[in-house]
Number of protein chains: 2
Amino acid sequence: MSHSTKQRQAVLACLSGRRGELLSAAELTQILRQAGSPVGLATIYRHLTRLEEAGFVHRVNTPEGAFYRYCEEESSGGRECFLLRCESCGQILHLDCSHLRALYEHLERDHHFIVNPRETVFSGLCEACARRGKEALHEQP
Amino acid sequence: MSHSTKQRQAVLACLSGRRGELLSAAELTQILRQAGSPVGLATIYRHLTRLEEAGFVHRVNTPEGAFYRYCEEESSGGRECFLLRCESCGQILHLDCSHLRALYEHLERDHHFIVNPRETVFSGLCEACARRGKEALHEQP
DNA sequence: TATGAAAATGAAAATCATTTTCATATTATA
DNA sequence: TATAATATGAAAATGATTTTCATTTTCATA
Ligand SMILES: [Mn+2]
Ligand SMILES: [Mn+2]
Ligand SMILES: [Zn+2]
Ligand SMILES: [Zn+2]
């Protein structure tokens, strides 16, 4: 049904070798080209989609496009993590927070909405950018 | 600095006359054309951007594009509301929940991340779609 | 090992929401 | 009215993602 190809392995290996990092399809293309195993952009998109469906990678959607990261096997002890995206600097932070887990249970039990943490991204300001913003208020215009 | 034009008024009036509804730029175009006051798509995007910056409308980003709604004056008594988007049927629900407000305070105080509720959309399953999903598990394959 | 059907590849074209360009029209002010 | 600032909209540009399609690769089977 599905053939093993060097392109598929290259895409997964690249993400697997950079745990925790979020990469775009274009960044993947660039990295693989520099590593001497170029893979077409269309093929990269195809594999990212299939790898996500198969549970090997996670996708994070942002207004700037999608980013992908290797899926640590959360089933075996890995803590579920939540995504915070800074609107100012674009950085994506991972957060492990029991309050957040509890809130999701509240939403499910009391508001009948089942949150998908993988697709949910909190948008806002990271600490550095928030501080920078405060300082800007005190500057001369 | 900014001129009052019938196009700007038409865009705001359309959203104002449909409180709570989330409309895309294309839907706005369609509605205004049918109402006999057609406005170019580029102009609609320009006004939506400016109206949002000025606080008259809110924007909600989804993987299917941006949606806009009239801004009820939250400053004067209107409850802040949160956005839940069903991944299955696409519907966007508004939620007023004190637990959620409290969680945002926790994220700010203890994790130094200031959430922007206007840009944050919880992705998941609405009640109807979750039930439909459960039923599907019991069906014959 | 040779064969062939199924699956995969990648360059190029297509999509689609949004933004930009630019020539023209409208507004506000003198 | 004259003038400059601002707004409009059709068409072109953008940029991420998807699709097309001719070609290549994989893999089960002979
Ligand atoms: Mn916490
Ligand atoms: Mn609640
Ligand atoms: Zn930041
Ligand atoms: Zn639903």
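These numbers were taken from a predicted model, which means no experiment stands behind them.

## Some remarks on the coordination of the manganese ion (ligand 2)
Stage number 1. Here the manganese ion (ligand 2) is held by the protein donor atoms His106(A) (NE2), His111(A) (NE2) and Cys97(B) (SG), which lie 2.1 to 2.4 Å from it.
Stage number 2. With relative accessibility at 11%, the residue His106(A) sits in the buried group.
Stage number 3. A relative accessible area of 28% means that His111(A) is categorised as partly exposed.

## Notes on the coordination of the zinc ion (ligand 3)
Residues and elements named next belong to chain A.
Stage number 1. Protein coordination at the zinc ion (ligand 3): the donors are Cys86 (SG), Cys89 (SG), Cys126 (SG) and Cys129 (SG), at 2.2 to 2.4 Å from the metal.
Stage number 2. Around the zinc ion (ligand 3) sit four donor atoms; with metal-centred angles ranging over 103 to 119°, the donor geometry is tetrahedral.
Stage number 3. Considered as a linear motif, the donors of the zinc ion (ligand 3) on their single chain read C-x2-C-x36-C-x2-C. The burial state of Cys126 is the same as that of Cys129; both residues are buried.

## Digging into the relation of the copies chain B and chain A
Stage number 1. Note on the identical chains: chain B maps onto chain A by a rotation of 180° and an axial translation of 0.1 Å, with an RMSD of 0.2 Å. Taken together, these values place the two copies in the relation of a two-fold axis.
Stage number 2. Both copies share a contact surface, since 100% of the interface residues of chain B are interface residues in chain A too.

## Looking at the packing of helix H2 (residues 25–34) of chain A against helix H3 (residues 41–53) of chain A
All names here are of chain A.
Stage number 1. Orientation of H2 relative to H3, taken along the N-to-C sense of each, is 120°, at an axis distance of 10 Å. In terms of orientation, H2 and H3 fall into the oblique class. Between H2 and H3 lies a crossing whose hand is right-handed. Along the contact surface, H2 presents Ala25, Ala26, Leu28, Thr29 and Leu32, while H3 presents Leu41, Ile44, Tyr45 and Leu48.
Stage number 2. Each residue belonging to the contact of H2 with H3 can be placed in one class, and the counts come to eight nonpolar, one polar and no charged.

## Things to note about the protein's contact with DNA strand D
Stage number 1. By nearness alone, 21 residues border DNA strand D, and Tyr45(A), Ala66(A), Thr5(B), Arg46(B) and His47(B) come closest of all.
Stage number 2. Between Ala66(A) and DNA strand D, the recorded distance is 2.8 Å, taken from a backbone N or O atom to a phosphate oxygen.
Stage number 3. Between DNA strand D and Thr5(B), the relevant distance is 2.6 Å, taken from a phosphate oxygen to a side-chain nitrogen or oxygen of the residue.
Stage number 4. Secondary structure elements with two or more residues in the surface near DNA strand D: H3 and strand E2 (65–70) of chain A together with helix H3 (41–53) of chain B.
Stage number 5. Ranked by residues supplied to the surface near DNA strand D, first place goes to H3(B) with five residues.

## Here we look at the side chain of Thr62(A)
Residue and element names in this part refer to chain A.
Stage number 1. Its location among the elements puts Thr62 in strand E1 (residues 57–62).
Stage number 2. Among the residues examined, Thr62 registers a relative accessible area of 12% and is labelled buried.
Stage number 3. For Thr62, the side chain forms a polar contact with the main-chain nitrogen of Glu64, separated by 3.0 Å.
Stage number 4. Leaving out residues up to four positions away in the same chain, Thr62 has contacts with Phe67, Arg85 and Ile92.

## Comments concerning the interface of chain B and chain A
Stage number 1. In this assembly, 31 residues from chain B lie in contact with 31 residues from chain A.
Stage number 2. Interface of chain B and chain A: buried area, both sides summed, is about 2400 Å²; carbon and sulfur atoms make up 72% of it.
Stage number 3. Here chain B is connected to chain A by zero salt bridges.
Stage number 4. Run the count over chain B and chain A and you get twelve residue pairs in polar contact (both at pLDDT 80 or more).
Stage number 5. Contributions of two or more residues to the side of chain B that touches chain A are made by strand E3 (82–86), strand E4 (92–95), helix H4 (98–111), strand E5 (114–115), strand E6 (121–125) and helix H5 (127–138) of chain B.
Stage number 6. The dominant element in the side of chain B that touches chain A, judged by the number of residues it contributes, is H4(B), at seven residues.
Stage number 7. The residue inventory of the side of chain B that touches chain A, partitioned by class, reads 18 nonpolar, nine polar and four charged.
Stage number 8. With two bridges connecting them, strand E5 (residues 114–115) of chain A and E6(B) associate as antiparallel partners.

What counts, and where the lines are drawn
Residues numbered from 1 in each chain as written. Chains lettered and ligands numbered in written order. Predicted model: local features only at pLDDT ≥ 70, side-chain atom pairs only at ≥ 80, totals over all residues. Heavy atoms only, no water. Donors = N, O, S within 2.8 Å, 3.2 Å for Na, K, Ca; no water. Buried < 20%, exposed > 50% of the residue type's maximum accessible area, 1.4 Å probe, protein only. Tetrahedral: all angles 85-135°; square planar, octahedral: opposite > 155°, others 65-115°. Least-squares fit on C-alpha atoms with pLDDT ≥ 70 in both. Contact = heavy atoms within 4.5 Å. Axes fitted to C-alpha atoms, helices over the stretch in contact; angles between N-to-C directions. Helix = DSSP H or I, 4+ residues; strand = E, 2+ residues; numbered from the N terminus. Parallel < 35°, antiparallel > 145°, perpendicular 65-115°, else oblique. Left-handed = near helix turned anticlockwise from the far one by under 90°. Nonpolar A, V, L, I, M, F, W, Y, C, P; charged D, E, K, R; others polar. Near = heavy atom within 4 Å. Polar contact = N/O pair within 3.5 Å; in protein donor to acceptor, adjacent residues only side chain to side chain. Buried area = accessible area lost by both parts, 1.4 Å probe. Salt bridge = Lys/Arg side-chain N within 4 Å of Asp/Glu carboxyl O. Pairing = 2+ DSSP bridges.

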